[in-house]
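Chains, contacts and geometry: an overview
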Amino acid sequence: MSGSFNDENKASIETIAVHAGEYIDPATRSSSPNLVMSATFAPTAVASFSALELGGYNGHVYGRVSSPTVQQLEEKLAALDGAETCRVFASGIAAAHALIMSRLSSGDHLIFPEVTYVGTAEFARNTLPRFGVEVTFVDTADLQAVEDAIRPNTKMVWLETPANPTMKLADVEAVAALAHSKGVRDVAVDATFCSPIGMRPLELGCDFVVHSLTKYINGHGDAMGGAVLGRKDDMDKMSMEATVHYGGILSPFNAWLILRGAATLPMRMAAHEKSALEVGRFLEGHPAVKRVFYPGLESHPQHDLAKRQMKNFSGMMSFQTHESGDAIAARMIEELKIVHYAVSLGHHRSLVCWIPSEQILRSTYLFEGDALARWNDYVGDGIFRLSVGVENGADICADLARAL
Ligand SMILES: *Cc1c(COP(=O)(O)O)cnc(C)c1O
């Protein structure tokens, strides 16, 4: 088709981000993607009523199974991550849920990082055991700890790197090689914090990648979504169960917004990294700041791994302060003019929020012993999570200085 991009021609990532999944529409000659909101599609032949029996029919039938704008986003994301296939969902959590529930059954064992995004942490702790999935929480930065946790019924190792909110890393290549050598079927990585520009986990030996599209990939804070990427045969099985029968699909309108956002992902990630390095160095030198965790700084405990594994350090960092975080957070809400005090991350505008340890340990992580000691080392009484946007770095520093 004229104007149809095909990444077989091995274009660079900047070109893939703009063109993959996009083409000149043959009916209208529109250059930019059309937004197709239709919930149903008129088939060209009498088709089965069940998605299980659609067999060889390649056209769209019903919006929960597939639809054109959503498929365009899936093609773009697959090309960005170097994946055979992508499926998108209504949120990052819907994507994680789709993958985990469709791959694991009662009696299976899951190895999960002791610190992840709160939503997935609470899902693994509170929901999965109710369905008979055994979950072991380990420090996935420690390869030996992962090895020790593997059992004959371990079906999946889940990673999140950098971890939200500690910024601790896992060595994706090493964990994937270890897990597979011990017979674990699936290694899945939530790579939301680095985006496909920072890391392509499938090339490091993983089976699945999960992204919250709400964050860097859409990048403008105006649409929620999630994605799972992997091999075609695995993904087809997941789709049949998760998209068709759990139903947490992405709206075409959100797909259309995220498609537009994703086209500028490479240049946005470069801008996030540039400003974040400036802000990270500023915070490190600020008397109010006790510790900064940013993989791009020499002071990060795993900076060598970060340099090896990440092609872009992104805009995510966390920092501890000497003064109580509650007081600083209150000043941030009042004083900040550029950085918004708000949850979420990966948007074009900078966002900061305070995560008090007492509350989150009670609600979510429930640590004791060594795990509690590790949390206290990285977080102490609490930590600020800062998502450095694409604004000018010096302007962000001057804004933060007002509240510190
Ligand atoms: C935000 C986030 C999620 C959840 O994504 P939603 O789109 O909010 O559902 C999952 N993992 C990580 C690392 C996140 O930061």
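Summary of the structure given here. Given the structure is predicted, the values throughout are model-derived calculations rather than measurements. (Residues numbered from 1 in each chain as written. Predicted model: local features only at pLDDT ≥ 70, side-chain atom pairs only at ≥ 80, totals over all residues. Heavy atoms only, no water.)

Regarding the packing of helix 4 (residues 118-127) against helix 13 (residues 357-365)
To characterise two packed helices, one gives the angle between the axes of the helices and the distance between these axes. What counts is decided by this rule: Note on method: axes are straight lines fitted to C-alpha atoms, helices fitted across the in-contact stretch only, with angles between N-to-C directions ranging 0 to 180 degrees. In DSSP terms, a helix is any run of H or I states spanning at least four residues, a strand is any run of E spanning at least two, and both are numbered starting from the N terminus. Oblique is the label for any angle not covered by the other classes, which are roughly parallel (under 35 degrees), roughly antiparallel (over 145) and roughly perpendicular (65 to 115). Any two residues whose heavy atoms approach within 4.5 Å at even a single point are treated as in contact. Under the convention adopted here, Pro, Cys and the residues Ala, Val, Leu, Ile, Met, Phe, Trp and Tyr are nonpolar, Asp, Glu, Lys and Arg are charged, and Gly plus all remaining residues are polar.
In contact at an axis separation of 9 Å, helix 4 and helix 13 are set at 40 degrees when each is read in the N-to-C sense. In terms of orientation, helix 4 and helix 13 fall into the oblique class. On the side of helix 4, the interface is formed by V118, A121, E122 and R125, while helix 13 contributes I360, S363, T364 and Y365. Class assignment for the residues of the contact of helix 4 with helix 13 results in four nonpolar, two polar and two charged.

Remarks on a nonpolar patch on the surface
Applied cut-off: Surface patches are drawn from residues lacking salt bridges whose relative accessible area is over 30%; two like charges belong together within 9 Å, two nonpolar side chains (Val, Leu, Ile, Met, Phe, Trp, Tyr) within 5 Å. Areas reported here follow the Shrake-Rupley algorithm with a probe of radius 1.4 Å; residue values treat only the protein chains shown as occluding. What counts as a salt bridge is simple: a side-chain nitrogen of Lys or Arg found within 4 Å of a carboxyl oxygen of Asp or Glu. Only protein chains enter the area calculation, which uses a 1.4 Å probe; residues under 20% of their type maximum are buried, those over 50% are exposed, and those in between are partly exposed.
Judged by side-chain polarity, L35, M37 and F253 come together as a nonpolar surface patch covering roughly 270 Å² of accessible area. Mapped onto the secondary structure, L35 falls in the loop between helix 1 (13-19) and helix 2 (68-81). Looking at L35, the relative accessible area reads 32%, which means it is partly exposed.

So, the site of the ligand
What counts, and what does not: Being near a molecule or strand, for a residue, comes down to having at least one heavy atom within 4 Å of it. Within 3.5 Å is the distance limit for a polar contact, defined as a pair of N or O atoms, with the added protein rule that one can donate a hydrogen and the other accept it, and that residues adjacent in sequence qualify only through two side-chain atoms. A cavity here means a set of points on a 1 Å grid, drawn over the protein atoms and nothing else, where a 1.4 Å probe fits but cannot get out; a pocket is an open set with protein on both sides within 12 Å along at least five of seven lines, and a residue lines either one if it has an atom within 4 Å of a point. Any molecule with more than half of its atoms within 2 Å of a cavity's or pocket's grid points is counted as sitting in it.
In the region of the ligand, 15 residues are neighbours, and G92, D190, S212, T214 and K215 sit closest. A distance of 2.6 Å separates a nitrogen atom of the ligand from a polar side-chain atom of D190. K215 has a polar side-chain atom sitting 2.8 Å from an oxygen atom of the ligand. When the ligand is considered free in solution it has 380 Å² of accessible area, and contact with the protein chains removes 94% of it. The cavity where the ligand resides is the second largest pocket.

Re helix 4
Among all positions of helix 4, only G119, T120, A121, F123, A124 and R125 are buried. Close packing links the buried residues of helix 4 with helix 3 (92-103), strand 2 (109-113), strand 3 (134-138), strand 4 (154-160) and helix 13.

Side note on empty space enclosed by the protein
Applied cut-off: Grid points are joined across faces, edges and corners, and a volume is the space filled by probe spheres set on the points.
Tallying each qualifying case throughout the model produces two cavities of 30 Å³ or more. Of the voids in this model, the largest cavity is the one considered here, and its volume is about 150 Å³. If you trace the largest cavity, you find 17 residues lining it, with E114, V115, D139, T166 and K168 closest to the centre. The dominant element in the lining of the largest cavity, judged by the number of residues it contributes, is helix 14 (residues 369-379), at four residues. Considering only enclosed or pocket space, the second largest cavity measures out at about 60 Å³ in volume. Among the secondary structure elements, those contributing two or more residues to the lining of the second largest cavity are helix 2 and strand 1 (85-89). Residue composition of the lining of the second largest cavity, grouped by class: five nonpolar, four polar and three charged.

Quick look at the layout of surface pockets
The rolling of a water-molecule-sized probe over the atoms marks out the regions of remaining empty space. By volume, the second largest pocket is sized at about 520 Å³. Listed by contribution, the elements that provide at least two residues to the lining of the second largest pocket are helix 3, helix 4, strand 6 (208-212), strand 11 (351-356) and helix 13. In terms of residues, the lining of the second largest pocket owes the most to one element, helix 13, which gives five residues. Within the lining of the second largest pocket, the residues separate by chemical class into 15 nonpolar, 12 polar and five charged.

Digging into the nonpolar core
The condition that has to hold: Residues belong to one nonpolar core when they are buried, are Ala, Val, Leu, Ile, Met, Phe, Trp, Tyr or Cys, and are joined through side-chain atoms within 4.5 Å.
Counting residues in each nonpolar core, the largest one holds 98 residues, and the members touching the most others are L77, L283 and L386. A per-element tally of this core places helix 2 first, with six residues. Setting aside residues up to four positions removed in sequence, L386 forms contacts with V279, L283, G315, M316, M317, F319, V339, L351, V352 and L400. Among the nonpolar cores identified, the runner-up in size contains 25 residues, and F112, V133, V228 and M235 belong to it.

Concerning the pattern of salt bridges
Tallied over the entire structure, the rule returns 21 salt bridges. Between R374 and D139 there is a salt bridge, with the nearest N and O atoms lying 3.7 Å from each other. In this pair, R374 sits in helix 14 while D139 sits in the loop between strand 3 and helix 5 (143-149), placing the two residues 235 residues apart along the sequence. By relative accessible area, which is 29% here, R374 ends up partly exposed. Judged by relative accessible area, D139 falls into the buried class, the value being 11%. R308 is the salt-bridge partner of D171, the closest N and O atoms lying 3.5 Å from each other. Of this pair, D171 sits in the loop between strand 4 and helix 6 (172-181) while R308 sits in helix 11 (residues 303-309), placing them 137 residues apart in sequence. Connected via shared salt-bridge partners are R103, R185, D186, D207, R231 and D234.

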